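Examining the three-dimensional arrangement
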Amino acid sequence: MTDTSISAGLAIETIGLGKTYAGAAHAALLDVSLAVPRGAFFGLLGPNGAGKSTLINILAGLVVKTSGTARVWGHDIETEMRSARAAIGVVPQELNIDPFFTPRELLELQAGLYGVPRSERRTDAILAAVGLSAQANAYARTLSGGMRRRLLVAKALVHSPPVLVLDEPTAGVDVELRRQLWDYVRGLNAAGTTILLTTHYLEEAEALCNTIAIINHGRLIACEAKDSLLRRLDSKELAVTLDRPLAGLPDALKTFHVEHPSPARLVFRYPPSRVGGGAILAAVQEAGLAVRDVTTRESDLEDIFLELTRAQPEEPKR
């Protein structure tokens, strides 16, 4: 029986999850505890080899965990295997599509594997939703890479899972198709589907996800609301273009963290919680400099990601 006192309200839950592959010098996952609320758009980020795919494959039943507990939609992945697998749909990185089946045949086959009765199958509706109606009866080998990626999304939806995992879904996909895919996934999330996304496009995670976890060397090193995560790096950049070149930096500006990358350009980096951009501009004017242009840049998810993953030492060999 599922322990609803622990899992109520969670789409995915892991407690002390670990995985060590036979013969490996390092653990692929080490004591990962994660809670993904139902209805969330959740980002799982990390460098190559960090353990993201291992975690996803454990949830999907493709890899056997070494230690810990994992639940999908409240169902333990070991003791309630069938229910757990029925609750999750996975869009893998690899384009693993049989080239001699049509999209309609592939979706019908997938629905059959999940035991979806013929009367309840939504093959045509799913194909229309991912923009493949016109290619429904074409062999999969004739589809473009972007169309095959959409077909993988369609396959993951045939059993109407409440949790959809997208593992690098836009790798190698053109900009227009990426936009279409995200519009569709946003719609799924708005309708109640929990989305777990891994991506190397950090701007995607920043634009789409409301909660973000970062994993590195098999360890979970951050997991919090996106806005809270972005506040961790109290840093902002203000670039000032002057109306004339400077031979050197005025003494009045040396109290700031400022760079002089070109004769007429100054770049200030400062913590906005303690220093205001107005104070910097006032100091520039007091130094007798005329400003022609000003640009600013906030810290983004890429800055956070790089700072956290660089700071964490590699797991020692066993």
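Here the structure is shown first, and the text comes after it.
Structure report, in brief. (Residues numbered from 1 in each chain as written. Predicted model: local features only at pLDDT ≥ 70, side-chain atom pairs only at ≥ 80, totals over all residues. Heavy atoms only, no water.)

1. Side note on the overall build of the chain
A count of helical and extended segments in the chain gives 11 helices and 14 strands. Taking the principal axes of the C-alpha coordinates as reference, the chain spans close to 80 × 50 × 40 Å. For the chain, the residues scored as buried account for 47% of the 318 residues in total. Looking at the chain alone, contacts between residues at least 24 apart form 70% of all its contacts between residues at least 6 apart. (Helix = DSSP H or I, 4+ residues; strand = E, 2+ residues; numbered from the N terminus. Buried < 20%, exposed > 50% of the residue type's maximum accessible area, 1.4 Å probe, protein only. Contact = heavy atoms within 4.5 Å.)

2. Side note on the environment of threonine 309
Here threonine 309 is to be found in helix H11 (residues 301–311). Taking the C-alpha atoms as reference, threonine 309 lies 9.8 Å from alanine 50; in sequence the two are 259 residues apart.

3. Some words on the nonpolar core
One finds Phe41, Leu45, Leu151, Leu164, Leu166, Ile214 and Leu229 to be the most contacted residues of the largest nonpolar core, which totals 43 residues. Among the elements that make up this core, the one with the highest residue count is helix H6 (residues 145–156) (5 residues). Apart from the residues lying within four places of it in its own chain, the contact partners of leucine 166 are Val91, Trp182, Val185, Ile195, Leu196, Leu197 and Thr198. Ranked by size, the runner-up nonpolar core spans 27 residues in total, among them Ile12, Leu17, Leu55 and Ala213. (Core = buried A, V, L, I, M, F, W, Y, C linked by side-chain atoms within 4.5 Å.)

4. Considering the side chain of arginine 150
Following the sequence through the fold, arginine 150 ends up in helix H6. From its side chain, arginine 150 meets the backbone oxygen of glycine 131 in a polar contact 3.5 Å long. Setting aside its immediate chain neighbours within four residues, arginine 150 contacts Val130, Gly131, Leu132, Leu177 and Gln180. (Polar contact = N/O pair within 3.5 Å; in protein donor to acceptor, adjacent residues only side chain to side chain.)

5. A word on helix H7 (residues 175–190)
An α-helical turn contains 3.6 residues, so any two residues separated by three or four positions project in the same direction. In a regular helix each residue adds 1.5 Å, so 16 residues correspond to 22 Å; H7 covers 22 Å between its end C-alpha atoms and thus fits that length. Turning to H7, its buried residues number three or more, namely Leu177, Arg178, Leu181, Trp182, Val185, Leu188 and Asn189. Projected down its long axis, H7 carries its buried residues within an arc of 130°, all on one side. For H7, the secondary structure elements touched by its buried residues are strand S3 (41–45), H6, strand S7 (163–167), strand S8 (194–198) and helix H8 (202–208). (Expected span 1.5 Å × (residues − 1). Arc of directions from axis to C-beta.)

Purely geometric numbers; function is a separate question.
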